[in-house]
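Understanding the architecture of this molecule
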Amino acid sequence: MSQNSVFEMALEQLNDAARRLNLDASTLRVLSHPERELTVACPVVMDDGRIEVFTGHRVQHSSARGPCKGGIRFHQNVDIDEVRALAMWMTWKCAVVNIPYGGAKGGVQVDVTQLTPNEIRRLTRRFTVGIMPIIGPHSDIPAPDVNTNAETMGWIMDTVSMFQGSTVLDIVTGKSIDLGGSLGRREATGRGVMFNTLELLKRKKINPKKTTVAVQGFGNVGSVSADLLTKEGCRVLAVSDVSGAYYCEAGLPIADMIVYCTTSRNHLLEGFSAPGVSKISNDELLELDVDVLVPAALEKQITIANADRIKADFIVEGANGPTTPEAERLLTQKGKIVVPDILANSGGVVVSYFEWVQSIQSFFWDEDEVNSNLKRVMVNSFKAVWDVHESHGIDMRNAAMLIAVGRVAQAIKQRGIFP
Ligand code: GLU
């Protein structure tokens, strides 16, 4: 396996599940190939008048269970291999929580810290036009991911609407509330991480109030996870972002840190200080002696190079693909439990589904309805995965994949291969 290929990693997970499911070779072959990939060049007039060209991708992995669904990320490390992997993971994610979607992902290779807000807006609109031939409310619905947010989704919605000649609410999810977004969508991924953590602690008969947590990443997923786990009584000892990691033995003042990031440069924790808070390295954060580690940043953070030093008993994957298969085998051998990304961070796409339903109906739910429906889906999905984990004696990723791949394979079988 090539060291850098995230898609190879996703394929390895699929092959593992296929073996356990006794999946036939034909279906495995179908699932191993993304249905459609589009790469677009996005020329952007920069504020100083020069023209830069950014490369973007949209990959639709599977539409067997419904319209393709998945976020768009803006990051300097984006490439087709990564987007392919992320698209495949979306297919399994939607299947494991049983929402009627397939999987897709998009990304633009760009370091957003080097662009002004106007440049990011023009890039977003140009990328939207680039992928417009393949996205649509009933074919492929984008959403936020790393470095994109409700504002980005608003620009995508507006761009598509300008071409359509009327407002197309259901083309994206993760929109602002003013533009037909759903209450609770912004917090949904972190809320899902919190529900998954609580369900796991319940199974292990551990009191959340006696639980220590470290969270890698302080973006939309990491910050909300840390905040909601704190509100459940957990002690969050450390959080990090690209500016470094912050540690406090008594528990970090997460709410203050979130407020700090609303006005800080690039919304980073850089320069944050409070009594008892010290800086540690990202490696030290990952290797802290805590009960729960929530990697909520990027892929391949827990690898064979550091897996042996991970002390947390439970790893709840807020990010997509933070643990390599090799590292996960080692963690599992040591008795640690990894709640896999496709379950742990599925809260976002679940509420995206609720948002899409609300957009189609132009009828909006109150926040309690969103959150209680999210809780129901998370608790039931966790239970289904946990039961397979226990009854089959396999780790939670394989259990989740057994359910997810099984569902997608069923859909393919029932639809048949066209023509
Ligand atoms: N980007 C998020 C994820 O990785 C959300 C996707 C969506 O809501 O479509 O799950």
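Owing to the predicted nature of the structure, the values given are computational and were not obtained by experimental measurement.

This part covers the confidence of the model for the protein chain. Low pLDDT marks stretches whose predicted atomic positions should not be read closely. Looking at the protein chain as a whole, the pLDDT averages 97, with 99% of positions reaching at least 70. Across the protein chain, strand 2 (residues 51–62) holds the top mean pLDDT of 99, while helix 1 (residues 6–21) sits lowest at 97.

Quick look at unusual backbone geometry now. The amide bond that connects phenylalanine 418 to the next residue, proline 419, takes the cis arrangement and shows omega of 0°. Locating proline 419 in the fold gives a position in the segment after helix 14 (396–415). Its identity as a non-glycine residue notwithstanding, serine 362 has a phi of 50°, on the positive side.

With mixed pairing, 5 strands are arranged side by side in an open sheet as 1-2-4-3-5. At either margin of the open sheet sits one strand with a lone partner, and together these are strand 1 (36–45) and strand 5 (140–144). Across the sheet, the mean angle from the axis of one strand to that of its neighbour is 20°, orientation sign disregarded. Here 10 bridges tie strand 1 to strand 2, and the two strands are oriented antiparallel to one another. Across the sheet, leucine 38 pairs through a bridge with arginine 58, a residue of strand 2.

Position of histidine 61 relative to the elements: it lies in strand 2. Look at histidine 61 and you get buried, because its relative accessible area is 2%. Here leucine 31 takes part through its backbone oxygen, which lies 2.7 Å from a polar atom of the side chain of histidine 61. Polar side-chain contacts of histidine 61 include one of 2.7 Å to the side chain of threonine 91.

Summed over all chains, the structure comprises 7 aromatic pairs. Note on tyrosine 353 and tryptophan 356: the rings are 6.5 Å apart at their centroids and 35° apart in plane angle, and the pair reads as tilted. Of the two residues, tyrosine 353 and tryptophan 356 are both situated in helix 12 (residues 347–361); the distance of 3 residues between them amounts to about one turn of the helix. Residue classification places tyrosine 353 among the partly exposed residues on the basis of a relative accessible area of 22%.

Turning our eyes to something else, we now look at the nonpolar core. Inside soluble globular proteins, nonpolar side chains tend to come together where they are buried. Leu14, Trp89, Trp92, Val239, Met257 and Val294 are the most contacted members of the largest nonpolar core, which has 89 residues in total. When residues in this core are grouped by element, the largest group, 12 residues, is from helix 14. Beyond its immediate stretch of four places on either side in the chain, tryptophan 89 contacts Val6, Met9, Ala10, Gln13, Glu299, Asn320, Gly321, Asp341 and Ile342. With 26 residues, the next largest nonpolar core counts Leu115, Ile131, Ile156 and Leu169 among its residues.

Turning our eyes to something else, we now look at the site of the ligand. Every one of the 14 residues lining the ligand counts as a neighbour, but Lys69, Lys93, Pro144, Asp145 and Ser352 are closest to it. A distance of 2.7 Å separates a nitrogen atom of the ligand from a polar atom in the side chain of aspartate 145. Residue serine 352 places a side-chain N or O atom 2.5 Å away from an oxygen atom belonging to the ligand. A total of 290 Å² of accessible area belongs to the ligand in isolation, and the protein chains cover 95% of it. Going through the elements one at a time, strand 3 (68–75), helix 3 (80–96), strand 5 and helix 12 are the ones with two or more residues in the shell around the ligand. For the shell around the ligand, the class distribution of residues is 4 nonpolar, 5 polar and 5 charged.

Our next topic: the pattern of salt bridges. Between side chains of opposite charge, pairing is possible as soon as their charged atoms come close. In this structure the tally under the stated criterion is 25 salt bridges. Close ionic contact of arginine 125 with aspartate 158 constitutes a salt bridge, the shortest N to O distance being 2.9 Å. One end of the pair, arginine 125, is in helix 4 (residues 117–131); the other, aspartate 158, is in helix 5 (residues 150–164), with 33 residues separating them in the sequence. Residue class for arginine 125 comes out partly exposed when judged on its relative accessible area of 26%. For lysine 175, the salt bridge is made with glutamate 355, and the minimal N-O distance between the two is 2.8 Å. One end of the pair, lysine 175, is in the loop between helix 5 and helix 6 (185–203); the other, glutamate 355, is in helix 12, with 180 residues separating them in the sequence. Comparing lysine 175 with glutamate 355, the two get one shared label, buried. Several salt bridges share partner residues, and in doing so they unite Arg73, Glu82, Lys105, Asp145 and Glu299 into one network.

To continue, consider the packing of helix 1 against helix 3. Interhelical geometry of helix 1 versus helix 3 gives an angle of 30° and a closest axis separation of 7 Å. By the angle between their directions, the pair helix 1 and helix 3 is classed as roughly parallel. Along the contact surface, helix 1 presents Val6, Phe7, Met9, Ala10, Leu11, Gln13 and Leu14, while helix 3 presents Asp81, Glu82, Arg84, Ala85, Met88, Trp89 and Trp92. Its residues assigned to classes, the contact of helix 1 with helix 3 shows 10 nonpolar, 1 polar and 3 charged.

Turning to the pairing of strand 4 (residues 102–109), a few remarks are in order. As a general feature of sheets, a regular strand has side chains that alternate between the two faces. The buried fraction of strand 4 is high, at 7 of 8 residues. Note that strand 2 and strand 4 share 6 bridges and pair antiparallel. Directly across from arginine 58, in strand 4, lies its bridge partner glycine 106. Where strand 3 lies against strand 4, 6 bridges are found, and the strand directions are parallel.

For the rest of this paragraph, the subject is the sheet that holds strand 6 (residues 212–216). Strand order in the open sheet made by the 7 strands is 9-8-7-6-10-11-12, with mixed pairing throughout. Pairing within the sheet leaves two strands with one partner each, and these edge strands are strand 9 (278–280) and strand 12 (337–339). Shown here is a sheet whose adjacent strand axes are inclined to one another by a mean of 20°, direction ignored.

Another point: the state of the cysteines. Applying the stated criterion across every chain yields a total of 0 disulfides. Of all cysteine sulfurs in the structure, the one in cysteine 68 sits closest to cysteine 94, which takes part in no disulfide; the separation is 9.3 Å. With no disulfide partner, cysteine 234 has as its closest neighbouring cysteine sulfur the one in cysteine 248, 16 Å distant. The class of cysteine 234 is buried, set by a relative accessible area of 4%.

Scoring rules and cut-offs
- Residues numbered from 1 in each chain as written.
- Predicted model: local features only at pLDDT ≥ 70, side-chain atom pairs only at ≥ 80, totals over all residues.
- Heavy atoms only, no water.
- pLDDT = per-residue confidence, 0-100.
- Helix = DSSP H or I, 4+ residues; strand = E, 2+ residues; numbered from the N terminus.
- Pairing = 2+ DSSP bridges.
- Axes fitted to C-alpha atoms, helices over the stretch in contact; angles between N-to-C directions.
- Buried < 20%, exposed > 50% of the residue type's maximum accessible area, 1.4 Å probe, protein only.
- Polar contact = N/O pair within 3.5 Å; in protein donor to acceptor, adjacent residues only side chain to side chain.
- Phe/Tyr/Trp six-rings, centres within 6.5 Å; stacked < 30°, edge-to-face > 60°.
- Core = buried A, V, L, I, M, F, W, Y, C linked by side-chain atoms within 4.5 Å.
- Contact = heavy atoms within 4.5 Å.
- Near = heavy atom within 4 Å.
- Areas by Shrake-Rupley, 256 points an atom, 1.4 Å probe, with all protein chains shown as cover.
- Nonpolar A, V, L, I, M, F, W, Y, C, P; charged D, E, K, R; others polar.
- Salt bridge = Lys/Arg side-chain N within 4 Å of Asp/Glu carboxyl O.
- Parallel < 35°, antiparallel > 145°, perpendicular 65-115°, else oblique.
- Disulfide = S-S within 2.5 Å.

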